[in-house]
Amino acid sequence: MPLSPEQEWTLVACGLVAHADGILEVGEWDQVLYMLDDRVADDEATQWLALLSDAAALRKRFDLLQPPAPFLCEDILARAWRMALADGHGSDEEAAVLAEVAERLGVPASDVGELREQWLAQAQRRSEIVAGFAVIVATLDDRMDTMEIAEYDLLLDRLPLAEGRIDAMRALLDAPPELDVLVGQLLALPSEERGIALLSLVPLVHATSGGAPERALFVDIAERLALPPGDAEAMLSR
């Protein structure tokens, strides 16, 4: 079944932003794979993986795309900028590519700047929820070993946290938040946002000393977030 215009534009825009600074970060690629799982049938996934890993081919595809319906454009741009924030901040190169995509979509440049500020604020709020989940996973056995601490620090570096909030997130290690509260906060977000949030926890789950209890908690969280069956196991198997 062919992709809808929104699906194709989303994947191409996200791919272009991911390649913008010449470095395809792990977090960015993980998001691309998740979006492929969510949007592309198995028989098309291999072709899209090849396209998304090839910046030149992706650019050619972009040049041939016909504009989608106007009401889809903001969501497409929002997903593309979320890709830029996958490493903690959006670069000037990524902002330039987003502006180019917006121009093709007919979104005024003045609107893009305001939208980016809105998306950043949303990402910062989501990041604090993710950090809270990470603390719960990492301290499940009431202790954190060296690998878990290192992975948590790497996660904080990747999250687009508001300025000055990293110390507050590190302080959560001494006073983990309530799981039910975090689940409720994430349930207020769209399914795709919940999936991306959970996906960012995978490296920490793999770094835990026990493994099995943390994996079970990860799957339980996915179920409580009403993610599609099998998503959690698929994330952990990457």
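Our subject is the structure listed above.
Reading the values: the criteria
Residues numbered from 1 in each chain as written. Predicted model: local features only at pLDDT ≥ 70, side-chain atom pairs only at ≥ 80, totals over all residues. Heavy atoms only, no water. Helix = DSSP H or I, 4+ residues; strand = E, 2+ residues; numbered from the N terminus. Buried < 20%, exposed > 50% of the residue type's maximum accessible area, 1.4 Å probe, protein only. Lys, Arg positive; Asp, Glu negative; His and termini not counted. Salt bridge = Lys/Arg side-chain N within 4 Å of Asp/Glu carboxyl O. Polar contact = N/O pair within 3.5 Å; in protein donor to acceptor, adjacent residues only side chain to side chain.

A. Summary view of the side chain of Asp-87. In this fold, Asp-87 is placed in the loop between helix H5 (73-84) and helix H6 (92-105). No salt bridge is formed by the buried Asp-87; the nearest opposite charge belongs to Arg-158, separated by 9.3 Å. Within the structure, the side chain of Asp-87 is placed 3.5 Å from the backbone nitrogen of His-89, a separation counted as a polar contact.

B. Spatial organisation of the pattern of salt bridges. All chains considered together, the criterion is met by 13 salt bridges. Measuring nitrogen to oxygen at the nearest pair gives 2.6 Å for the salt bridge that ties Arg-61 to Glu-8. Highlighted residues: Arg-61 in helix H4 (residues 55-64) and Glu-8 in helix H1 (residues 5-19), separated in sequence by 53 residues. In this structure Arg-61 comes out as partly exposed when scored by relative accessible area, which is 32%. For Glu-8, a relative accessible area of 17% puts it in the buried group. Two residues, Arg-215 and Glu-233, come together in a salt bridge whose shortest N-O distance is 3.7 Å.

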